[in-house]
There are 2 protein chains.
Amino acid sequence: MEARRDVFQAIADPTRRAIIGLIAAQPVNVNAIAEQFDVSRQAISLHLKVLAECGLLNITQQGRERICEARLDKLNEVHEWVAQYHKMWTGRLNALKSLVEEEEKEATSSPKKSKHIHK
Amino acid sequence: MEARRDVFQAIADPTRRAIIGLIAAQPVNVNAIAEQFDVSRQAISLHLKVLAECGLLNITQQGRERICEARLDKLNEVHEWVAQYHKMWTGRLNALKSLVEEEEKEATSSPKKSKHIHK
DNA sequence: ATAATATGCAATCATTTGCTTGCAAATATA
DNA sequence: TATATTTGCAAGCAAATGATTGCATATTAT
């Protein structure tokens, strides 16, 4: 039931990402959030629960309202995971760029070998 | 069945993230990947399919083998999504820091108007 | 040609998801 | 106090997910 509940899982759902976008700037109460979506209030409530369970959301009771505040810093895990690869792929692009430039120079002097493409 | 298939969904699964980590450095064939995990080859095959469907993976047939190559640049969507919030949460920390510093200065000098921070 | 290897595909299954509706509890307002 | 508002909780459901097993197919090695 409440098995896997990590940040990656939480942001996998587009509605939940939208919720984060909605409350990133400032805290909003549950109903106000729900009004922004087509699904039922309960559906949103469940999404909020998921977000809260992985720390992306802070819920504070205020009278009969519950104010949801984003804890964006909890996205750090995702940020770091992607960042390591970001380094790799940008680095790789640079390497490719230099390779192409190198090839262009060679193009005027020596012939190139063609690659096989197996289907 | 094959409904939502985006990058966020793809990296939500820890096994799939592990697969990406495994082939990020260099291309690996399907069985070699499967051997690294406890689940069946077919389970991995399915994960690879998911990764391939959202472009995170490139599969090239080579004889009877299929070589899986990571397309890390496809993580850019995630990178950008997180980056916008990364700015906010680090910016927020900085804002808090400058606010504190500002307060400290004000304690001794004349009051000043605080800056607005627009995104 | 035959056997071994690398994989995909299909059927099946237990869980997990994402939603919905209805009902209950707490708090604010008239 | 009676009523409206804001939410949570529980039951029920269809679809998606992740995994398994068995069988088929293509390619390579003997």
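Residues numbered from 1 in each chain as written. Chains lettered and ligands numbered in written order. Predicted model: local features only at pLDDT ≥ 70, side-chain atom pairs only at ≥ 80, totals over all residues. Heavy atoms only, no water.

**Student:** Requested: an account of the protein's contact with DNA strand D, with residues and values cited.
**Tutor:** Every one of the 22 residues lining DNA strand D counts as a neighbour, but N31, S45 and R66 of chain A together with S40 and H47 of chain B are closest to it. Put simply, 71% of the atoms of DNA strand D that lie within 4 Å of the protein are in sugar or phosphate. One of the backbone nitrogen or oxygen atoms of V30 of chain A is found 3.4 Å away from a phosphate oxygen of DNA strand D. In the model, a phosphate oxygen of DNA strand D is placed 3.3 Å from a nitrogen or oxygen of the D13 of chain B side chain. Among the residues forming the surface near DNA strand D, the class breakdown is five nonpolar, nine polar and eight charged. (Near = heavy atom within 4 Å. Polar contact = N/O pair within 3.5 Å; in protein donor to acceptor, adjacent residues only side chain to side chain. Nonpolar A, V, L, I, M, F, W, Y, C, P; charged D, E, K, R; others polar.)

**Student:** How would you summarise the sheet that holds strand 1 (residues 28-29) of chain B if you had to cite specific residues and measurements?
**Tutor:** Residues and elements named next belong to chain B. Judged by pairing direction, the sheet is antiparallel, and its three strands sit side by side in the order 1-3-2 without closing on themselves. The open sheet is flanked by strand 1 and strand 2 (57-62), the only strands paired with a single partner. Bridge analysis of strand 2 against strand 3 (residues 65-70) gives six bridges, and the strand direction is antiparallel. Considered in strand 3, the bridge of N58 is made with E69. Of the strands in this sheet, strand 1, strand 2 and strand 3 touch helix 2 (residues 14-23), which is tilted by about 95° from strand 3. (Pairing = 2+ DSSP bridges. Helix = DSSP H or I, 4+ residues; strand = E, 2+ residues; numbered from the N terminus. Contact = heavy atoms within 4.5 Å. Axes fitted to C-alpha atoms, helices over the stretch in contact; angles between N-to-C directions.)

**Student:** Outline the relation of the copies chain A and chain B, listing residues and values.
**Tutor:** When chain A is fitted to chain B, the residual RMSD is 0.1 Å, and the transformation amounts to a turn of 180° plus an axial shift of 0.0 Å. In the structure described here, the two chain copies are related by an operation that fits a two-fold rotation axis. Judged by C-alpha distance, A12 of chain A is the residue of chain A that lies nearest the rotation axis, at 3.0 Å. Here 93% of the contact residues of chain A are again contact residues in chain B; the copies associate through an equivalent surface. (Least-squares fit on C-alpha atoms with pLDDT ≥ 70 in both.)

**Student:** Report on helix 2 (residues 14-23) of chain A, specifying residues and quantitative values.
**Tutor:** Residues and elements named next belong to chain A. Within helix 2 the residues assigned to the buried category are R16, R17, I19, I20 and I23. When helix 2 is viewed along its axis, its buried side chains cluster within an angular range of 155° and face the same direction. The backbone nitrogen of T15 lies 2.8 Å from a side-chain oxygen of the residue at the head of helix 2, namely D13. (Buried < 20%, exposed > 50% of the residue type's maximum accessible area, 1.4 Å probe, protein only. Arc of directions from axis to C-beta.)

**Student:** Would you mind going over the pattern of salt bridges in detail, with residue names and values included?
**Tutor:** One pass over the structure, following the stated rule, counts two salt bridges over all chains. As a salt-bridge pair, D73 of chain A and R71 of chain A come within 3.0 Å of each other at their nearest N and O atoms. (Salt bridge = Lys/Arg side-chain N within 4 Å of Asp/Glu carboxyl O.)

**Student:** Residues and numbers for the protein's contact with DNA strand C, please.
**Tutor:** S40 and H47 of chain A together with N31, S45 and R66 of chain B are the nearest of the 23 residues found near DNA strand C. Backbone atoms, meaning sugar and phosphate, form 71% of the atoms of DNA strand C found within 4 Å of the protein. Contact distances for DNA strand C include 3.1 Å between a phosphate oxygen and a side-chain N or O atom of Q9 of chain A. Of the residues that constitute the surface near DNA strand C, the class distribution is five nonpolar, nine polar and nine charged.

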